[in-house]
Protein chains: 2
Amino acid sequence: MQIAMVLYDRFTALDIVGPYEVLSRLPDAQVDFVAAEAGPVRADTGFLALTADKALADVPHPEVVVVPGGPGTFAEIENKALLEWLRTADTTSAWTTSVCSGSLLLAAAGLLEGRRATSHWLTLDFLPQYGAEPTGERVVPDGKYITAAGVSSGIDMGLTLVGKIAGDEHAQAVQLLIEYDPQPPYDAGSPRKAPAHLVEEFRTNSRFSLT
Amino acid sequence: MQIAMVLYDRFTALDIVGPYEVLSRLPDAQVDFVAAEAGPVRADTGFLALTADKALADVPHPEVVVVPGGPGTFAEIENKALLEWLRTADTTSAWTTSVCSGSLLLAAAGLLEGRRATSHWLTLDFLPQYGAEPTGERVVPDGKYITAAGVSSGIDMGLTLVGKIAGDEHAQAVQLLIEYDPQPPYDAGSPRKAPAHLVEEFRTNSRFSLT
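Residues numbered from 1 in each chain as written. Chains lettered and ligands numbered in written order. Predicted model: local features only at pLDDT ≥ 70, side-chain atom pairs only at ≥ 80, totals over all residues. Heavy atoms only, no water.

K.L.:
Now, about the interface of chain B and chain A: what can you tell me, with residues and values included?
P.N.:
The interface of chain B with chain A comprises 70 residues on the first partner and 70 residues on the second. Both sides together, the interface formed by chain B and chain A hides about 6,200 Å², and carbon and sulfur atoms give 59% of it. Across the contact surface, chain B and chain A share six salt bridges. A salt bridge links A:Arg25 to B:Asp44; the shortest N-O distance between them is 3.4 Å. Joining chain B to chain A, the criterion identifies 44 residue pairs in polar contact (both at pLDDT 80 or more). Those elements that place two or more of their residues in the side of chain B that touches chain A are α1 (13-23), β2 (30-35), β3 (39-42), β4 (49-52), α5 (153-166), α6 (168-177) and α7 (196-204) of chain B. With nine residues, α6(B) is the single largest residue contributor to the side of chain B that touches chain A. Looking at the side of chain B that touches chain A residue by residue, the classes come out as 37 nonpolar, 19 polar and 14 charged. (Contact = heavy atoms within 4.5 Å. Buried area = accessible area lost by both parts, 1.4 Å probe. Salt bridge = Lys/Arg side-chain N within 4 Å of Asp/Glu carboxyl O. Polar contact = N/O pair within 3.5 Å; in protein donor to acceptor, adjacent residues only side chain to side chain. Helix = DSSP H or I, 4+ residues; strand = E, 2+ residues; numbered from the N terminus. Nonpolar A, V, L, I, M, F, W, Y, C, P; charged D, E, K, R; others polar.)

K.L.:
Outline the environment of B:Val59, supporting the account with residue identities and numerical values.
P.N.:
Residues and elements named next belong to chain B. Among the secondary structure elements, Val59 is positioned in the loop between β5 (54-55) and β6 (64-67). The buried category is assigned to Val59, whose relative accessible area is 0%. The sequence separation of Val59 and Ala89 amounts to 30 residues, and the corresponding C-alpha distance is 8.4 Å. Apart from the residues lying within four places of it in its own chain, the contact partners of Val59 are Gln2, Ala4, Asp32, Val34, Lys54 and Trp85. (Buried < 20%, exposed > 50% of the residue type's maximum accessible area, 1.4 Å probe, protein only.)

Have a look at this one:
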């Protein structure tokens, strides 16, 4: 099963490494990290580069597509070649998926029209302009499309997808192997749970920034 | 604050990308991915390479050290240069940390003698031969040492460390930014919770393998 992990300048690393760590453990997985051109692609912080082993053009028909988000998403919405690749890949994919603001790229490519979808909580409001119906849920399957919320949610999305492809037992085995028994030291992982002033500071961009 | 993320052949990608995604959002973070030599370093699956921007020798005195695990750990236990780098870095580090079987490298370097520590559930039993006291806990601080359990636990470790360095509110802000509100579709993330036959199959290596 060929799985394409899409990279682009200023993606968020955990958005793609979370699903990769899970989906790469599917039976017969062939994971290809792809970008406009093969070579290193730098993540949003500037501190880390992941290697795209292949160009997008080398992987036209993957069975699974995973698109990460990150501050670079908004530049890629204008990238006609990437949106065209997504549309073409989607014509034959079994699953087309995203994490975080990556859903805006699927939406901009026209793939989420009339579908329920999610995104990073800070980018959820951009979905309706592309005809998608935003939800605040963490993992949102709608047909062959699965969108996930911000950054870390790609792990939950990956396990959900492994369950659909290879069955519950295989997904449980992968969860056990990656010891995914989360115990966050705080309970501030969603805008409904975090201190209200932190949510407000992100929304007004006064203290923290995604970019 | 200089943070060294150690890479070596056949590391597990999420082990290091989890803590990176969290710790890189510390105030004034300078994250350096380091390896024996600068350049791409291939993860355990073979499907992904992360770039080490610097050689270990270029970063002798980071304030934070993070060591991932992976199938490659056992080869690195014999790597005298790496163990010597760990010992030297530890003489001046504020925090020396590991994820997954990475704790075996700290232990082999002699840094965990007499300390409580954890590791991937499949490698926990290797700790006592280096004088460390194994625990089944997910994140184990002991003095300036923090060890974390398997793969995904590095996110919890990272948030714990951000809290210690920058305070609870900053850690909560990072948790909110990475939308870390885990909702695994299964509850099989530890050997205490997973179906017993899966645990047994991993232990006997009959079906799944870490390597």
